[in-house]
Amino acid sequence: QVQLVESGGGLVQAGGSLRLSCTASGRTFSSYPMGWFRQAPGKEREFVAGINMSGGSTYYADSVKGRFTISRYNAKNTVYLQMNSLKPEDTAVYYCNFLGFGRIPISDSWGQGTQVTVSS
């Protein structure tokens, strides 16, 4: 059974920073790329950032490139998302997942997510 647990969200002012964490189990963590997704009110879930198995390659949605940084620590089965220069449009629930070919999420069992709210 796959389990994904996100944490680190909160309420911050525009221009502030947050660091999100995701701990994953149910698969061999180091054998999969990992990704962050988010879902804003009234919108579909969207891809935010991805990282390969070793952590040596990362990729980002255009909307967050230059502001967010994804990283991982395989010994702890954990992936992180450092979020800087936050904007109100970053407000969403953030989720993590294992990634397959084409950076698509693999697990149908999403975690609870962690809420990020950015005030103006």
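Residues numbered from 1 in each chain as written. Predicted model: local features only at pLDDT ≥ 70, side-chain atom pairs only at ≥ 80, totals over all residues. Heavy atoms only, no water.

Let's shift gears to the nonpolar core. Membership of the largest hydrophobic core comes to 29 residues, with the highest contact counts inside it found for Trp36, Leu81, Met83 and Tyr94. Among the elements of the structure, β3 (18–25), β4 (34–39), β5 (46–51), β7 (68–73), β8 (78–83), β9 (92–98) and β10 (114–119) are those that each provide at least two residues to this core. (Core = buried A, V, L, I, M, F, W, Y, C linked by side-chain atoms within 4.5 Å. Buried < 20%, exposed > 50% of the residue type's maximum accessible area, 1.4 Å probe, protein only. Helix = DSSP H or I, 4+ residues; strand = E, 2+ residues; numbered from the N terminus.)

Turning next to the sheet that holds β10. Here we have 6 strands laid out as an open sheet, ordered β2-β10-β9-β4-β5-β6, and mixed in their pairing. Because the sheet does not close on itself, it has two edges, and the strands there are β2 (10–13) and β6 (58–60). Neighbouring strand axes in the sheet, compared pairwise and without regard to direction, differ in orientation by 25 degrees on average. In this sheet, β6 lies alongside β5 in antiparallel orientation, the contact comprising 3 bridges. (Pairing = 2+ DSSP bridges. Axes fitted to C-alpha atoms, helices over the stretch in contact; angles between N-to-C directions.)

This part is about the sheet that holds strand β1 (residues 3–7). Pairing is antiparallel across the open sheet formed by 4 strands, whose spatial order is β1-β3-β8-β7. Sheet topology places β1 and β7 at the edges, where each strand pairs with a single neighbour. Here the strands of the sheet are splayed against their neighbours by 15 degrees on average, with no regard to which way each runs. As judged from the 6 bridges shared by β3 and β8, these two strands associate in the antiparallel manner. The residue of β8 that forms the bridge with leucine 18 is methionine 83.

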